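Summary of the model geometry
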Amino acid sequence: MNNLNLDWNNLGFDYRQTSKRYVSNYENNSWDEGNLTEDANVVINECAGVLQYAQTCFEGLKAYRRKDGKIVLFRPDLNAERLEESSKRLYMPVVPKEKFLEAVEQTVLANADFVPPYGSGATLYIRPYIFGSGSVIGVKPDCKFQFRVFTTPVGPYFKDGVKPLSLCVSDFDRAAPSGTGHVKAGLNYAMSLHALQVAHENGFDENMYLDPQTRSKVEETGGANFIFVTKDNKVVTPKSSTILPSITRRSLMYVAKEYLGLEVEEREVYLEELNDFVECALCGMAAVLSPVGKVTNQDEVIVFKNSSTEMGPVSKKLYDTLTKIQMGKIEAPQGWIKVLDEVVEKVS
Ligand code: PLP
Ligand code: COI
């Protein structure tokens, strides 16, 4: 194991091709059995729904290596459920939960050598996705689909790791009021690329998007939800029907309440109350929990006192508790951790 000569401690969030990936095709109202393949390339028709009308959605989760060498997944059932919601919204066939879980497990086990060692800080990022793979020229759903799962070993999403991020309130909207902001549609990310580029050109790490209807409430960034902390240690997270329901955020809010005994609130968060918070962080599978130091809104700079130079103390406790749960150092709530059995590796 781990004879790949990768510099595990210094991986970035980059694509690195691993050994095998899972592929299953949908045609005539059913999914085929699916199998693992070494071929990392996808060959589809020039008129495929994904290419013409962006009919695609995806998920993101991670496999972790524990001290005893075991590989674990964190709440993969929730990724299966969210992919189901995304698929329905994009008029794509649903991958049954059992099939999703089996595909993820098979793919991780087939790439076990790429699951970074315990203590390296790196993980194996898992990317399940579905796309229209047939041919469609009028605007309508594709007739064929492909479900794939690949993996890639990754380090921190943000380059400077734990250094607090500097965000700006974006002039662009991420999601329409009754659009696709609540699902993980590829199109949400395509339309955020320009906004992200503008933010980077202006010296910011990421965008803070506002609610598209009133532009007065905080939504999320392009790839993570927000967590704020009040002066009296209450953990607050924005509630909105147009943000992605982050699995990390839902888990952290549970940890805050049930493990740390903190008061938690999921509610609308107004831009004008940002000054009341002492800590801010981004949460997501890729971002894990990344501190936010400041947010620039036009001429105003809002500084979060307790997370301006390093991760805030409440975020740190949340981070430590969540990662200990993932590593098996603290007992996890029932069903949160799936330990993979490397002996039953199936390769077709
Ligand atoms: N918000 C957006 C837009 C995302 O792309 C992600 C990443 O999946 C998240 C939030 C965080 O969600 P999760 O914690 O399930 O990874
Ligand atoms: C994730 O956290 O898994 C994401 O999908 C965010 C980003 C890499 C798209």
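Report follows, based on the coordinates. (Residues numbered from 1 in each chain as written. Chains lettered and ligands numbered in written order. Predicted model: local features only at pLDDT ≥ 70, side-chain atom pairs only at ≥ 80, totals over all residues. Heavy atoms only, no water.)

Section: the site of ligand 2
Ligand 2 sits among Phe58, Gly60, Tyr125, Arg127, Tyr157, Lys184, Tyr189, Gly223, Met285 and Ala286. At a separation of 2.6 Å, an oxygen atom of ligand 2 approaches a polar side-chain atom of Tyr125. Lys184 has a polar side-chain atom sitting 2.6 Å from an oxygen atom of ligand 2. In isolation ligand 2 offers 280 Å² of accessible surface; the protein chains occlude 89% of this area. Along the lines of polarity and charge, the residues of the shell around ligand 2 split into six nonpolar, two polar and two charged. Here the shell around ligand 2 gathers at least three residues from each of two domains, domain 1 (8–155) and domain 2 (165–326). (Near = heavy atom within 4 Å. Polar contact = N/O pair within 3.5 Å; in protein donor to acceptor, adjacent residues only side chain to side chain. Areas by Shrake-Rupley, 256 points an atom, 1.4 Å probe, with all protein chains shown as cover. Nonpolar A, V, L, I, M, F, W, Y, C, P; charged D, E, K, R; others polar. Domains from an automatic or database assignment.)

Remarks on the packing of helix H2 (residues 76–89) against helix H3 (residues 97–110)
Relative orientation of the contacting elements H2 and H3 amounts to 125°, with a least axis distance of 9 Å. When the axes of H2 and H3 are compared, the pair comes out oblique. Helix-helix and strand crossings are classified by hand; for H2 and H3 the assignment is right-handed. Residues Pro76, Asp77, Asn79, Ala80, Glu81 and Leu83 of H2 form the contact with H3, whose participating residues are Lys97, Phe100 and Leu101. Of the residues contributing to the contact of H2 with H3, the split by class is five nonpolar, one polar and three charged. (Axes fitted to C-alpha atoms, helices over the stretch in contact; angles between N-to-C directions. Helix = DSSP H or I, 4+ residues; strand = E, 2+ residues; numbered from the N terminus. Parallel < 35°, antiparallel > 145°, perpendicular 65-115°, else oblique. Left-handed = near helix turned anticlockwise from the far one by under 90°. Contact = heavy atoms within 4.5 Å.)

What about the site of ligand 1?
Close to ligand 1 lie 16 residues, the nearest being Arg82, Tyr189, Glu220, Ser246 and Thr248. For ligand 1, the accessible surface in isolation is 380 Å², of which the surrounding protein chains cover 96%. Of all the secondary-structure elements, those providing two or more residues to the shell around ligand 1 are helix H6 (247–259) and strand S14 (277–284). Of the residues belonging to the shell around ligand 1, the class tally is six nonpolar, six polar and four charged.

Some words on the side chain of Lys62
Examined against the element boundaries, Lys62 turns out to sit in strand S5 (residues 61–65). An unpaired buried charge is present at Lys62: no salt bridge exists, and Glu59, the closest side chain of opposite charge, is 13 Å distant. For Lys62, the side chain forms a polar contact with the main-chain oxygen of Met285, separated by 2.6 Å. Residues in contact with Lys62, not counting those within four places in the same chain, are Val72, Leu73, Phe74, Thr123, Leu124, Tyr125, Ile126, Val154, Met285, Ala286 and Val288. (Buried < 20%, exposed > 50% of the residue type's maximum accessible area, 1.4 Å probe, protein only. Lys, Arg positive; Asp, Glu negative; His and termini not counted. Salt bridge = Lys/Arg side-chain N within 4 Å of Asp/Glu carboxyl O.)

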